[in-house]
Amino acid sequence: MVSGEPPPTVSWGRNKGEMDDPEKYSTRYDERAQEHVLEILNVKHDQADSYKCFATNEYGQAVCAVTLNVIEAFKKKTQNANGPNGQAAQDFRSMLKKTNVVTRKKQLPQQKEGEIDPKLLELLLSAPKKDYERICLEFGITDFRWLLKKLKQMKKEREDEQSKVVENLENVKQIEVKPTGRAEFSFDMKLRDPNSAINLYKDGTMIPYGDDKNSKHSLQKTGINYLFSIKDPQREDAGFYQVDVEETNVLTTDFKVPDVEFVAKIKDTKVTQNEDAIFQCVLSTPLNKIAWSKEDALLEHGGKYEITISEDKLTHTLRVKDCQMADKGAYYVIAGITSSSASLAVQ
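Calculation criteria
Residues numbered from 1 in each chain as written. Predicted model: local features only at pLDDT ≥ 70, side-chain atom pairs only at ≥ 80, totals over all residues. Heavy atoms only, no water. Helix = DSSP H or I, 4+ residues; strand = E, 2+ residues; numbered from the N terminus. Buried < 20%, exposed > 50% of the residue type's maximum accessible area, 1.4 Å probe, protein only. Phe/Tyr/Trp six-rings, centres within 6.5 Å; stacked < 30°, edge-to-face > 60°. Lys NZ or Arg CZ within 6 Å of the ring centre and 35° of its normal. Pairing = 2+ DSSP bridges.

- Per an unreviewed UniProt entry, the recorded name for the protein is Ig-like domain-containing protein, and the organism is Goodea atripinnis.

Quick notes on unusual backbone geometry
Part 1 of the argument: For the bond from glutamate 5 to proline 6, the omega torsion is 0°, close enough to zero to count as cis.
Part 2 of the argument: Looking at the element boundaries, proline 6 is found in the segment before β1 (9-14).
Part 3 of the argument: One non-glycine residue with positive phi stands out, namely asparagine 42, at about 50°.
Part 4 of the argument: Structurally, asparagine 42 is set in the loop between β3 (35-40) and β4 (49-57).
Part 5 of the argument: Judged by its relative accessible area of 60%, asparagine 42 falls in the exposed class.
Part 6 of the argument: The backbone of glutamate 246 shows a phi angle near 55°, a positive value even though the residue is not glycine.
Part 7 of the argument: By the secondary structure assignment, glutamate 246 is in the loop between β12 (239-245) and β13 (248-255).
Part 8 of the argument: Residue classification places glutamate 246 among the partly exposed residues on the basis of a relative accessible area of 35%.

Some remarks on the packing of aromatic side chains
Part 1 of the argument: What the rule picks out here adds up to six aromatic pairs.
Part 2 of the argument: Between tyrosine 25 and tyrosine 51, the aromatic rings sit 6.4 Å apart at their centres with planes inclined by 45°, giving tilted as the arrangement. Residue tyrosine 25 is found in strand β2 (residues 25-30), and its partner tyrosine 51 is found in strand β4; the two are separated by 26 residues along the sequence.
Part 3 of the argument: Among the residues examined, tyrosine 25 registers a relative accessible area of 8% and is labelled buried.
Part 4 of the argument: Within the aromatic cluster, the residues linked to one another by ring pairs are Phe185, Phe187, Tyr209, Tyr226 and Phe228.
Part 5 of the argument: Seen from the ring of tyrosine 59, lysine 270 lies directly overhead, with NZ or CZ sitting 4.2 Å from the centre.

Considering the pairing of strand β5 (residues 60-68)
In summary, the side chains of a regular strand alternate between the two faces of the sheet.
Part 1 of the argument: In this sheet, β5 lies alongside β4 in antiparallel orientation, the contact comprising nine bridges. Among the inter-strand pairings, aspartate 49 is bridged to a residue of β5, identified as leucine 68.
Part 2 of the argument: A loop of two residues connects β4 with β5, the two strands running antiparallel in sequence.

What about the pairing of strand β19 (residues 305-309)?
Part 1 of the argument: Here β19 pairs with strand β20 (residues 315-320) via five bridges, running antiparallel. Looking across to β20, one finds that tyrosine 305 is bridged to valine 320.
Part 2 of the argument: Linkage of β19 to β20, two consecutive antiparallel strands, is achieved through a turn of five residues, within which lysine 313 is found at a positive phi near 65°.

So this is what it looks like as structure tokens:
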């Protein structure tokens, strides 16, 4: 459902491939329901993708994205089940092998009574210093200065261990949900042995990943940059994620999925050049921090942007200062795994 003044035109697109084949894609406007509809006819496996609806007028563009997953139908084979050379048995052995990989466990640190939660230390070892306070608050610790000495010692031990398999590790970015709807974390890493195994764990259990974004969990490698992502994250995807090179941990990140919805979403805004623009949303559950972005770029408080939170932590506000023509476009706010978008028009 689309609204705007002047009335927006609506178009559809997908991340990969074209949509100009009328035998595969049909679009229409349902006047009774006042809905724009995209219908994908006789869906095939290669049509699994992220699809977007664009609403555009002279003041800008709003976009809504959704992911289509296509599950292959299972066809039972009734003839030649064992094959001429025991093929079925071989396939079954392969399945068992894959199952063993998926269920492989690693021992997560356990908290003993009276001690600090080891998971907190694991997270701090991978986090930049600017995130220490936020992470400690999530674990109920308001004064973390006494932790720094212990953390410094642990960091030295971890770096010595990592140096056996990694030449360089930097630019670690903790997991966040992006405007695309994917949850992502990344880092730059140069391996001593390019053939080293890179393993991904969730809550101590190894999980499989693919090399393209159609996989539930994927790894995209560009040069020395590694980008892990989770497609269409759900509440059950929340957990303690770790990346190991062989048996050595290189990154730990905690994916939290708060039970939160938007009571009031951000709205399209139109301002005159040099004025400030304000986007504001209200949450159903108080949160210390949510993510703001302009298209794919995350926004931080300071300089051009002023990000404030009400005392009850329900109302979150983004102020774009001294708006210029370069500031117009789509803005997003992300809380947990849900998001809201609106456009800024500058005249």
